Amino acid sequence: MSVILRRIYAEDHPLDGNRILIDRVWPRGISKEKAKLDDWMKEIAPSSSLRKWFDHDPDKFEDFKKAYQNEINESKMAQTKLQELKKMATNERLVLLFGAKDMTHNHAVVLKEMIEE
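Keep in mind it's a predicted model, so treat the numbers as computed, not measured.

Turning our eyes to something else, we now look at the packing of helix α3 (residues 61-74) against helix α5 (residues 107-116). The axes of two packed helices give the description: the angle between them and the distance between them. Across the interface, α3 lies against α5 with an axial gap of 10 Å and an inter-helix angle of 55 degrees. It follows from the interaxial angle that α3 and α5 lie oblique. Of the two possible hands of crossing, α3 and α5 adopt the one that is right-handed. Here F61, F64, K65, Y68, Q69, I72 and N73 of α3 come into contact with α5, specifically with H107, V109, V110, L111, E113 and M114. Its residues placed into classes, the contact of α3 with α5 shows eight nonpolar, three polar and two charged.

Attention now goes to α3. The terminal C-alpha atoms of α3, which comprises 14 residues, lie 20 Å apart, in line with the 20 Å expected from a rise of 1.5 Å per residue. Along α3, the residues that are buried comprise F61, F64, K65, Y68, Q69 and I72. Projected onto a plane normal to the axis of α3, the buried residues spread over an arc of 130 degrees and lie on a single side. Turned more than 90 degrees off the buried face of α3, the exposed positions are K66 and E74. Buried residues in α3 make contact with α2 (48-54), α4 (76-91) and α5.

Within the largest apolar cluster, 27 residues are counted, with the highest numbers of intra-cluster contacts made by I44, L85, L94, L96, L111 and I115. Elements with a contribution of two residues or more to this core: β1 (3-7), α2, α3, α4, β4 (94-98) and α5. At six residues, the largest contribution of residues to this core is made by α5. Setting aside residues up to four positions removed in sequence, I44 forms contacts with I22, Y68, I72, A78, K81, L82, L85 and L111. Core analysis: the next-biggest nonpolar cluster, separate from the first, contains six residues, L21, I30, A35 and V95 among them.

The contact between α4 and α5 brings their axes to 9 Å, and the two run at 70 degrees. Between α4 and α5, the interaxial angle falls into the category roughly perpendicular. Taken as a pair, α4 and α5 cross one another with a handedness that is right-handed. Contact with α4, carried on its side by L82, L85, K86 and A89, involves L111, M114 and I115 of α5 and no other residues of that element. By residue class, the composition of the contact of α4 with α5 is six nonpolar, no polar and one charged.

Criteria and cut-off values
- Along each chain, residue indices are assigned from 1 in the same order as the chain's sequence is written.
- Totals for whole chains, interfaces and linings use every residue, but because this is a predicted model, local features are given only for residues with pLDDT of at least 70 and side-chain atom pairs only at 80 or more, for both listing and counting.
- Excluding hydrogens and water, the side-chain values take into account all heavy atoms of the structure.
- Interaxial angles span 0 to 180 degrees and are taken between N-to-C directions of axes, which are lines fitted to C-alpha atoms, for helices over the stretch in contact.
- The helix count covers DSSP runs of H or I at least four residues long, the strand count covers runs of E at least two residues long, and both are numbered beginning at the N terminus.
- Roughly parallel refers to an angle under 35 degrees, roughly antiparallel to one over 145, roughly perpendicular to one between 65 and 115, and oblique to any angle outside these ranges.
- Handedness of a crossing is defined here by the sense of rotation of the near helix relative to the far one, left-handed for an anticlockwise turn of less than a right angle and right-handed for a clockwise turn.
- Here a residue-residue contact requires only that any non-hydrogen atoms of the pair lie within 4.5 Å.
- Residues are grouped as follows: Ala, Val, Leu, Ile, Met, Phe, Trp, Tyr, Cys and Pro are nonpolar; Asp, Glu, Lys and Arg are charged; all remaining types, including Gly, are polar.
- Helices are assigned an expected span. That span is 1.5 Å times one less than the residue count.
- Think of it in three bands: residues with accessible area under 20% of the maximum for their type are buried, residues over 50% are exposed, and the middle band is partly exposed, with areas taken using a 1.4 Å probe on protein chains only.
- Here the arc refers to the set of directions running from the helix axis out to each C-beta atom.
- Buried Ala, Val, Leu, Ile, Met, Phe, Trp, Tyr and Cys residues form a nonpolar core when they are joined through side-chain atoms within 4.5 Å.

Function-wise, these values are silent; they only describe arrangement.
Here's what the structure looks like:
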């Protein structure tokens, strides 16, 4: 299984594979042509209220992680998208793209763990 996390703003050379944007909001300043996406899965992103509460505060990360996992587990649509991502990751490289600056404390890290379970 190959799951790679990439900040969409830091991509010098886009990686091949299934390129999926997993943010609820389109990244400012990135064109659709530059993004070279295979899909944009807004449905798998944290809810706006959870994202705003977390505000990328490392001290809140463990609580955020649990709340985000609960959101995914309680949503049929998010569960469907998670299964799609797992299937993609078994067949070829899966590149999860996100906009957060913090590479350690963000929803992509949590989602990658769930895909690899």
